[in-house]
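Take a look at the letters that make up each chain.
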Amino acid sequence: MRALTIFLTAGAVALAAGCQTVETTKGGTVGVDRQQRMAVSSEEVNAGAQKAYSQMMAEAQKKNALDRDAAQVQRVKNIVSRLVPQTATFRPDAAKWPWEVHVVSLDDVNAWCMPAGKMAVYTGLINKLHPSDDELAAVMGHEIAHALREHSREQISQQMGTQAAIGIAGALFGVGELGQGIGNMVADVTLNKPKSRTHETEADRIGVELAARAGYDPHAAVSLWEKMMKLGGSQPPQWLSTHPSNESRIADLKTYSERVMPLYQSAKGSSAATGR
Ligand SMILES: [Zn+2]
């Protein structure tokens, strides 16, 4: 009875907060299995992301900063097109997402993937890090993993919790609780808000598995990170300030890239057989 009461109370609290606990992905070989609390639906977030992404890419196009180098764009697209089918390991619905990637002329060492698979790579990342294909696959695998795990939806859910808490003051001052549309919130968490250490670690682990399954050497995540640290001297990449401490991150990437090596080897074996 007591258990039932607690259960009902917890349910009532969750309902009051409009929250639900979900598992966005299956564990895969790397075994990411944390449950997530969401206060907003995937549909809302994905629709917002698509709107924000179209606007941002149209804006980049207007400034002549979109897909300037056809060979560069083709290279990025090839890598993404090998990674995307591997998402099925973690969630079968992702194959049907409206995946899209563009190369944006910006000097920052950055790349991102919005909800529902809307991606961007900045020329700064390509020109400053000179990544190999394996390393670029490590970057894109990591960013895709953020989307699979719906980390933006989770961040927005957390923000909504905070906003509800300040809602009374907001009402007093005539400030709308959710003054900005969900698309703006998605853009904001993608471009501006640091990700938590938990989110980064999950994206690292799922990212190396995606890369390995696509036939990219998962160890490239380690060499990529070492390159980023070197670059950090004069121009700290945006990532360095927000990501887990470098040493523990590299140690974790080494462990998990080793764990997915058999996947890489069998992907390489089958691609040799088919002549890819
Ligand atoms: Zn990340």
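Every value quoted in this text rests on a predicted model; they were computed, and no experiment measured them.

## Considering the coordination of the zinc ion
Expected angles at a metal are 109.5 degrees for tetrahedral coordination by four donors and either 90 or 180 degrees for octahedral coordination by six donors.
Right, so step 1: Coordination of the zinc ion by the protein is provided by H142 (NE2), H146 (NE2), E200 (OE) and E200 (OE), with metal-donor distances spanning 2.1 to 2.7 Å.
Right, so step 2: Counting residues between consecutive donors of the zinc ion along the chain gives the motif H-x3-H-x53-E. Here E200 lies in helix α9 (residues 197-213) and H146 lies in helix α5 (residues 133-148), a separation of 54 residues in the sequence. Taken individually, H146 and E200 each receive the classification buried, so the pair is uniform in this respect.

## Regarding the pairing of strand β5 (residues 118-122)
Right, so step 1: Burial of β5 is extensive: 5 of the 5 residues sit out of reach of the surface.
Right, so step 2: Of the two faces of β5, the one holding K118, A120 and Y122 and the one holding M119 and V121 are both buried throughout.
Right, so step 3: As judged from the 5 bridges shared by strand β3 (residues 100-104) and β5, these two strands associate in the parallel manner. Residue pairing for β5: V104 is matched across the bridge by Y122.
Right, so step 4: Where strand β4 (residues 111-114) and β5 come together, 4 bridges link them in antiparallel fashion. Each residue of the ladder has a partner; that of C113, found in β5, is M119.
Right, so step 5: Turn length for the β4-β5 hairpin, with the two strands adjacent in sequence and antiparallel, is 3 residues, and the turn residue A116 shows positive phi of about 65°.

Cut-offs applied
Residues numbered from 1 in each chain as written. Predicted model: local features only at pLDDT ≥ 70, side-chain atom pairs only at ≥ 80, totals over all residues. Heavy atoms only, no water. Donors = N, O, S within 2.8 Å, 3.2 Å for Na, K, Ca; no water. Helix = DSSP H or I, 4+ residues; strand = E, 2+ residues; numbered from the N terminus. Buried < 20%, exposed > 50% of the residue type's maximum accessible area, 1.4 Å probe, protein only. Pairing = 2+ DSSP bridges.

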